[in-house]
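Spelled out, the chains give:
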Amino acid sequence: MIDDREALAPSPAHELALDCVEAGIAAAHPHRVVGDRLHLEGDQLRVEDELFDLGAFDEVVVLGGGKAAAQVAAALEDVLGDRLDGGVVVTNDPVETECVTVREGDHPVPSERGVEAAQAVRDAADAADDETLVLAVLTGGGSALLPAPADGLDLADLQSVTESLLDAGAPIEAVNAARKHCSAIKGGQLARAADPATVCTLLFSDVVGDDPGVIASGPTVPDPTTFADARQVLSAYDVDAPEAVTDRIERGIDGEIDETPTADDPIFEKTSTHVLANGRTAIDAARETAQKADHESLVLAAGIEGEAREVARTHAAVATEAVERGDPVEPPAVVVSGGETTVTVRGDGRGGPNCEFALSAARSLPDGAVLAAVDTDGLDGASEVAGAVVDAETVADDEAAGQALADNDAAGFLADRDALVDTGPTGTNVNDLHVLVVDGA
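Before going into details, it helps to say that this report is about the structure given with it. Remember, predicted model here, so these are calculated numbers, not experimental data.

### Comments concerning the overall build of the protein chain
Link 1 in the chain: Broken down by element type, the protein chain carries 16 helices and 15 strands.
Link 2 in the chain: Scaling as 2.2 N^0.38, a compact globule of 441 residues should have a C-alpha radius of gyration of about 22 Å, and the protein chain matches this with 22 Å.
Link 3 in the chain: Across its three principal axes, the protein chain shows a C-alpha extent of roughly 65 × 55 × 35 Å.
Link 4 in the chain: Sorting the 441 residues of the protein chain into buried and exposed places 57% on the buried side.

Laid out in C-alpha cells, this is it:
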C-alpha cells in the first residue's frame with residue numbers, strides 16, 4: 001500500500017507505525033466494510049439491524065457521491081448481484097462497476113464536470129417513485145463532488161465560497177453550513193427529490209462526531225442549519241462572498257426562499273441512515289496491530305480537532321512524558337488518535353494538515369519515538385501524498401522547519417528528507433489517522 005516503504009522504515013518503530021497505518025486504512029475499505037455490514041439472503045437485505053424486503057420494490061438503485069463512492073457502489077454490486085438495477089455516483093477516484101454509472105468530479109474545489117454529474121444524480125432521484133429503494137452512498141468529499149448550484153448561483157459562486165472558507169481554516173461543519181444554503185442537492189434536498197421512494201443512506205464518515213448532516217453536507221438527512229447560520233459562518237471567517245451568494249442568504253433569512261428540510265418534514269418518513277465506517281474503524285485496527293506487536297496501546301482520542309501544528313505539539317509532549325515517566329503509557333507503546341485537523345493557509349507552499357502535523361511534532365519528539373500522520377483517503381490537502389512519518393532526527397535544522405511551517409510548505413520540507421508517505425488513492429475516506437510509536441530512548 002505504501003510506496004518506497006523500505007526507505008521510510010529504518011527502524012522497527014518506523015515499521016510498526018507504518019503497519020498500523022496500513023491496517024487502519026485497510027479496515028475502512030468499502031469492500032471489507034460493506035461485506036461485513038450488509039447481507040443478502042433471498043429477498044431480504046439486512047443493513048446492520050434494518051431489514052428490507054427487496055421483493056416489495058420494483059427497482060433498487062445506488063445514488064450518491066464522495067471520494068469512496070465508486071468503491072462502495074462496486075461493493076454493493078458484489079453483495080446484491082442482479083438485485084441491483086443501476087444508479088449514479090460521483091467520485092474523483094473511479095473504479096470499474098457492472099451496472100452503477102460512475103461519474104467524475106473534483107475535490108476540494110467543485111468543478112463544471114461535478115455540476116453535470118450532480119445533475120445526473122438529481123435526475124435519477126427525481127425518477128424514483130414509491131416502489132424504488134434508493135441506497136444513498138455518501139462519503140467524505142461528497143460536498144465538493146456533488147456541486148449543484150441553487151437557483152441564482154453558478155459554479156464560480158460555489159468555488160469562491162469553498163476556497164475562502166478552506167483557506168480560512170474553517171471546520172467542516174461551518175463550511176458545509178454555508179454550502180447547504182448555496183445548493184439544490186445538499187441539506188436534505190436529495191431526499192426531497194427522491195420522495196416518495198424509500199431511502200437508505202449508507203455513510204462513510206470523515207467528520208468528527210459522525211453527524212449525518214455534515215457528512216457530504218447531508219443530502220438525504222434533515223438539516224438543522226439555517227440561512228442565518230450560513231451568514232454567521234461567512235461573517236465569522238471574514239469571507240467576502242459573491243453578491244449572488246449574500247443576496248440568496250439574505251432572501252432566505254427574510255423568508256423569501258424556503259429553508260432546507262428539517263426533521264419534521266414528511267419526506268423523511270421513509271428514510272433511514274447507517275454509518276458503516278468512521279475514524280474509529282481505522283483507529284481500532286491500528287490499535288489491534290500494535291497489540292499484536294506486543295506494544296501497550298492507548299487511544300488518545302478519536303475526535304482530534306484544531307490547528308494541525310498546535311495539536312501535534314501535544315502528541316509530542318505525550319511521547320516525552322511516556323519516555324521520561326511512563327505516563328500515560330509505559331513504553332514500548334503505541335498511542336493512536338484520529339479526527340480532522342485544519343490548516344490556516346498563509347503561505348503558498350505544498351502541504352496539508354497531516355504533513356504540518358508531522359513536521360510540527362518532529363520538532364519536539366524525543367529520541368525513541370516515531371510518528372506517522374496520514375489522511376486515510378491518501379491525499380493530504382495540497383501535498384499529493386497521504387502524510388508523513390517522522391522522528392527526532394527528521395528535523396536537523398529547526399529554523400528551516402519553522403520557516404517551512406510559516407510558508408505552509410511542510411510537504412516540501414519533508415520530501416527533501418524522504419519522510420512522505422505515499423499511498424495513492426486508498427479507496428476509502430475516514431479522516432486523519434495518527435500513530436505514535438514510543439519505544440523509549
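### Describing helix H8 (residues 172-180)
Two residues of an α-helix separated by three or four positions point the same way, owing to the 3.6 residues in each turn.
Link 1 in the chain: Where burial is concerned, most of H8 is hidden: eight out of the nine residues are buried.
Link 2 in the chain: Against the buried residues of H8 lie helix H6 (142-145), helix H7 (155-167), helix H9 (189-194), helix H10 (227-236) and strand E11 (333-342).

### Quick notes on the sheet that holds strand E15 (residues 432-438)
Link 1 in the chain: Across the sheet, which stays open at both edges, the six strands sit in the order E10-E11-E15-E12-E13-E14 with mixed pairing between neighbours. The two strands at the open ends of the sheet, each matched to only one other strand, are strand E10 (296-307) and strand E14 (420-421).
Link 2 in the chain: Both strand E12 (residues 369-375) and strand E13 (residues 387-391) contribute to a ladder of five bridges, which runs antiparallel. The partner of Ala373 across the bridge, within E13, is Ala388.
Link 3 in the chain: On top of the sheet, helix H14 (residues 353-362) reaches E11, E12, E13, E14 and E15; it is set at about 165 degrees to E12, its chief contact.

### Thoughts on the pattern of salt bridges
Link 1 in the chain: Across all of its chains, the model carries 18 salt bridges by this definition.
Link 2 in the chain: Across the pair Arg83 and Asp43 runs a salt bridge whose closest N-O atoms are separated by 2.6 Å. Remark: Asp43 occurs in the loop between strand E1 (38-41) and strand E2 (44-47) and Arg83 occurs in the loop between helix H4 (69-80) and strand E5 (86-91); sequence separation between them is 40 residues.
Link 3 in the chain: Classification of Arg83 as partly exposed rests on a relative accessible area of 26%.
Link 4 in the chain: Residue Asp43 is classed as partly exposed on the basis of its relative accessible area of 35%.
Link 5 in the chain: With a closest N to O distance of 3.0 Å, Lys180 and Asp223 form a salt bridge.

### A short note on unusual backbone geometry
Leaving glycine aside, a negative phi is the common case for residues, and trans is the common case for peptide bonds.
Link 1 in the chain: Note that the residue after His107, namely Pro108, is joined by a cis bond; omega there is 10 degrees.
Link 2 in the chain: Within the fold, Pro108 resides in the loop between strand E6 (101-104) and helix H5 (112-127).
Link 3 in the chain: In this model, Asp294 sits at a positive phi of 65 degrees, which is unusual for a non-glycine residue.
Link 4 in the chain: Along the chain, Asp294 falls in the loop between helix H12 (279-292) and E10.
Link 5 in the chain: Among the residues examined, Asp294 registers a relative accessible area of 66% and is labelled exposed.

### Re the side chain of Ser383
Link 1 in the chain: Within the element layout of this structure, Ser383 appears in the loop between E12 and E13.
Link 2 in the chain: Looking at Ser383, the relative accessible area reads 0%, which means it is buried.
Link 3 in the chain: In this structure, Ser383 is in contact with Arg350, Gly351, Gly352, Cys355 and Ala411, ignoring residues within four places of it in sequence.

### Some thoughts on the packing of H8 against H10
Angle between the axes and distance between the axes: these two values describe a pair of packed helices.
Link 1 in the chain: Running from amino to carboxyl end, H8 crosses H10 at an angle of 125 degrees, the nearest separation of the two axes being 8 Å. Accordingly, the angle class assigned to the pair H8 and H10 is oblique. Relative to H10, the crossing made by H8 is left-handed. Contact with H8, carried on its side by Ala174, Ala177 and Ala178, involves Ala230, Val233 and Leu234 of H10 and no other residues of that element.
Link 2 in the chain: A breakdown of the residues in the contact of H8 with H10 according to their chemical character gives six nonpolar, no polar and no charged.

### So, the sheet that holds strand E3 (residues 50-53)
Link 1 in the chain: Within the open sheet, the three strands sit side by side as E1-E2-E3. Their pairing is antiparallel. Two strands bound the open sheet, and with one partner strand each, they are E1 and E3. Across this sheet, the average inter-strand angle for adjacent strands is 20 degrees, counted without regard to direction.
Link 2 in the chain: With four bridges joining them, E1 and E2 adopt antiparallel strand pairing.

What counts as what
- Residues numbered from 1 in each chain as written.
- Predicted model: local features only at pLDDT ≥ 70, side-chain atom pairs only at ≥ 80, totals over all residues.
- Heavy atoms only, no water.
- Helix = DSSP H or I, 4+ residues; strand = E, 2+ residues; numbered from the N terminus.
- Rg over C-alpha atoms; globule rule 2.2 N^0.38 Å.
- Buried < 20%, exposed > 50% of the residue type's maximum accessible area, 1.4 Å probe, protein only.
- Contact = heavy atoms within 4.5 Å.
- Pairing = 2+ DSSP bridges.
- Axes fitted to C-alpha atoms, helices over the stretch in contact; angles between N-to-C directions.
- Salt bridge = Lys/Arg side-chain N within 4 Å of Asp/Glu carboxyl O.
- Parallel < 35°, antiparallel > 145°, perpendicular 65-115°, else oblique.
- Left-handed = near helix turned anticlockwise from the far one by under 90°.
- Nonpolar A, V, L, I, M, F, W, Y, C, P; charged D, E, K, R; others polar.

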